[in-house]
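Reading the structure
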Amino acid sequence: MSQTVGKTRLAYSRAWHHVDVGTDPRSLGRVASSIALHLMGKHKPIYDPSTDCGDYVVAVGCHDLKTTGKKRFQKKYYTHTTRPGSLRSMTMDMMFEKWGGGEVLRRAVKGMLPKNRLREKRLARLKTFEGLAHPYEQNIVKFGNKSVIANMPEVKEAFKEAKPEA
């Protein structure tokens, strides 16, 4: 209720979203854009570009990222240390081998976040894992876009007790 009415403390609280990239039929860019929206908080009615009201996102199964066309072998990532002659390039396939799909997803999401002082704070709330196991299982509130709280019996009881008081 308070996430839709007014700028309350509960509205600014952060939820944990679970995204299984391996079973998601969307390509890398589509998944990254939806993750960026949740990290920014654009899915909330209290969204303001200057405040950081986004949520946490746990992306699992990053070893099965889907790309279209020949991107995996032709797309290049560049790094430069600002020293002469230090430009390095690496293909997406080499990055998968060296750092895994989590780093590829992280770079895609980083490119979709606004280039301001909140970018690194928002990106720090993205947790990527190659496999399906992760240490944040107790924090997860939403799988995809479906709430997990509605299925918990103790939460249902708490709502039943709170309704007569209101």
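The rules behind the values
Residues numbered from 1 in each chain as written. Predicted model: local features only at pLDDT ≥ 70, side-chain atom pairs only at ≥ 80, totals over all residues. Heavy atoms only, no water. UniProt positions renumbered as here; feature names shortened; annotations may be inferred. Axes fitted to C-alpha atoms, helices over the stretch in contact; angles between N-to-C directions. Helix = DSSP H or I, 4+ residues; strand = E, 2+ residues; numbered from the N terminus. Parallel < 35°, antiparallel > 145°, perpendicular 65-115°, else oblique. Left-handed = near helix turned anticlockwise from the far one by under 90°. Contact = heavy atoms within 4.5 Å. Nonpolar A, V, L, I, M, F, W, Y, C, P; charged D, E, K, R; others polar. Buried < 20%, exposed > 50% of the residue type's maximum accessible area, 1.4 Å probe, protein only. Arc of directions from axis to C-beta. Core = buried A, V, L, I, M, F, W, Y, C linked by side-chain atoms within 4.5 Å. Salt bridge = Lys/Arg side-chain N within 4 Å of Asp/Glu carboxyl O.

The protein chain is annotated in an unreviewed UniProt entry as Large ribosomal subunit protein uL13m of Petromyces alliaceus. In its Sequence similarities (unreviewed entry) section, the UniProt entry covering the protein chain states "Belongs to the universal ribosomal protein uL13 family." Quoted verbatim from the Subcellular location (unreviewed entry) field of UniProt, the annotation for the protein chain is "Mitochondrion".

Description of the packing of helix H1 (residues 28-40) against helix H4 (residues 101-112)
Two numbers describe a pair of packed helices, the interaxial angle and the distance between the axes. Where H1 contacts H4, the axes come no closer than 8 Å and their chain directions differ by 60°. The angle between H1 and H4 falls in the class oblique. Both H1 and H4 take part in a crossing whose hand is right-handed. For the pair formed by H1 and H4, the contact residues are Leu28, Gly29, Val31, Ala32, Ser33, Ile35, Ala36, Leu39 and Met40 on the first element and Val104, Leu105, Ala108, Val109 and Met112 on the second. Per-class residue counts for the contact of H1 with H4 are 12 nonpolar, two polar and no charged.

What to know about helix H3 (residues 92-99)
All of the buried residues in H3 are Met92, Asp93, Met95 and Phe96. Down the axis of H3, the buried side of the element spans an arc of 160°, and every buried residue falls inside it. Residues Glu97 and Lys98 are exposed on H3 and point more than 90 degrees away from its buried face. Against H1, helix H2 (71-74), strand E3 (76-79), strand E4 (88-91) and H4 lie the buried residues of H3.

Observations regarding the nonpolar core
Counting 25 residues, the largest nonpolar core has Val21, Ile35, Val104, Leu105, Val109 and Leu126 as the members making the most contacts within it. Counting only elements with at least two residues in this core, the list comes to H1, strand E2 (56-60), H3 and H4. The element best represented in this core is H1, accounting for seven residues. Contacts of Val104, omitting those with residues within four sequence positions, involve Leu28, Leu65, Tyr77, Met92, Met95 and Phe96.

A word on the pattern of salt bridges
It is possible for side chains of opposite charge to pair when their charged atoms get near one another. Inspection of the entire model under this criterion finds eight salt bridges. Residues Arg125 and Asp52 are paired through a salt bridge, measuring 2.9 Å at the closest nitrogen-oxygen approach. In this pair, Arg125 sits in the loop between helix H5 (119-124) and strand E5 (126-128) while Asp52 sits in the loop between H1 and E2, placing the two residues 73 residues apart along the sequence. Given a relative accessible area of 5%, Arg125 falls into the buried group. With its nearest N and O atoms 3.5 Å apart, the salt bridge here joins Arg72 to Asp93. One end of the pair, Arg72, is in helix H2; the other, Asp93, is in helix H3, and 21 residues separate them in sequence.

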